[in-house]
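# An overview of the molecular structure
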Amino acid sequence: MHHGKGFGSGHCTAYCYNTEGGFWVHCNDSKRNVCSVEEVCKTQAYILFYTQRTLQDKAGIPEKQLQAQVFATQNQ
């Protein structure tokens, strides 16, 4: 996420998903805070990275459950 005016100045932060632990983290310089999927879905990201995974990720969360979490959050 970019915070500030224009591309010539400002500050960048990132939301990252920990597949081993099954949780989201907000990274801001040296600070890292665990956050909810609801917080992540409310952001205005300008770049997204995707990874391919199997039907059940390493954290043991079934694909349909993850899809349901994201769908429910987007339709609030």
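That block above? That's the structure.
Quick look at the structure, then. (Residues numbered from 1 in each chain as written. Predicted model: local features only at pLDDT ≥ 70, side-chain atom pairs only at ≥ 80, totals over all residues. Heavy atoms only, no water.)

### Concerning the overall build of the chain
Tallying secondary structure elements over the chain gives 2 helices and 5 strands in all. Counting helices and strands in the order they occur from the N terminus, the chain gives β-β-β-β-β-α-α. For the chain, buried positions account for 13% of its 76 residues. Counting only contacts in the chain whose residues sit at least 6 apart along the sequence, the fraction spanning at least 24 positions is 30%. Here the chain has roughly 6,300 Å² of accessible surface; of this, 54% comes from carbon and sulfur atoms. (Helix = DSSP H or I, 4+ residues; strand = E, 2+ residues; numbered from the N terminus. Buried < 20%, exposed > 50% of the residue type's maximum accessible area, 1.4 Å probe, protein only. Contact = heavy atoms within 4.5 Å. Areas by Shrake-Rupley, 256 points an atom, 1.4 Å probe, with all protein chains shown as cover.)

### Here's the deal with unusual backbone geometry
Even without a glycine there, the phi angle at aspartate 29 is positive, about 55 degrees. Look at aspartate 29 and you get exposed, because its relative accessible area is 57%.

### As for the packing of aromatic side chains
Applying the stated criterion across every chain yields a total of 1 aromatic pair. Aromatic pair tyrosine 17 and tryptophan 24: ring centres 5.1 Å apart, planes at 55 degrees, arrangement tilted. Given a relative accessible area of 23%, tyrosine 17 falls into the partly exposed group. On the basis of relative accessible area, tryptophan 24 is assigned to the partly exposed category, the value being 23%. (Phe/Tyr/Trp six-rings, centres within 6.5 Å; stacked < 30°, edge-to-face > 60°.)

### So, the side chain of histidine 26
With respect to the helices and strands, histidine 26 occurs in strand β4 (residues 23–28). Among the polar contacts listed, one links the side chain of histidine 26 to the side chain of threonine 13, at a separation of 3.2 Å. (Polar contact = N/O pair within 3.5 Å; in protein donor to acceptor, adjacent residues only side chain to side chain.)

### Quick word on a nonpolar patch on the surface
A surface patch of nonpolar side chains, about 590 Å² in accessible area, is lined by Phe7, Tyr46, Ile47 and Phe49. For isoleucine 47, the position within the fold is in the loop between α1 (37–41) and α2 (63–74). (Patch = residues over 30% accessible without salt bridge, like charges linked within 9 Å, V, L, I, M, F, W, Y side chains within 5 Å. Salt bridge = Lys/Arg side-chain N within 4 Å of Asp/Glu carboxyl O.)

### A closer look at the sheet that holds strand β3 (residues 14–18)
The sheet built from 3 strands is open, its strands ordered β3-β4-β5 with antiparallel pairing. Across the chains shown, the open sheet's two edge strands, defined by having one partner strand only, are β3 and β5 (31–35). The mean inter-strand angle of the sheet, taken between neighbouring strand axes irrespective of direction, is 30 degrees. Sheet topology note: the β3/β4 ladder contains 5 bridges and is antiparallel. Counted as the bridge partner of cysteine 16 is valine 25 from β4. (Pairing = 2+ DSSP bridges. Axes fitted to C-alpha atoms, helices over the stretch in contact; angles between N-to-C directions.)

### Quick word on the side chain of threonine 13
In this structure, threonine 13 sits in the loop between β2 (11–12) and β3. On the basis of relative accessibility, which here comes to 7%, the residue threonine 13 falls in the buried class. For threonine 13, the residues in contact, after removing those within four places along its chain, are Met1, His3, His26, Cys27 and Asn28.

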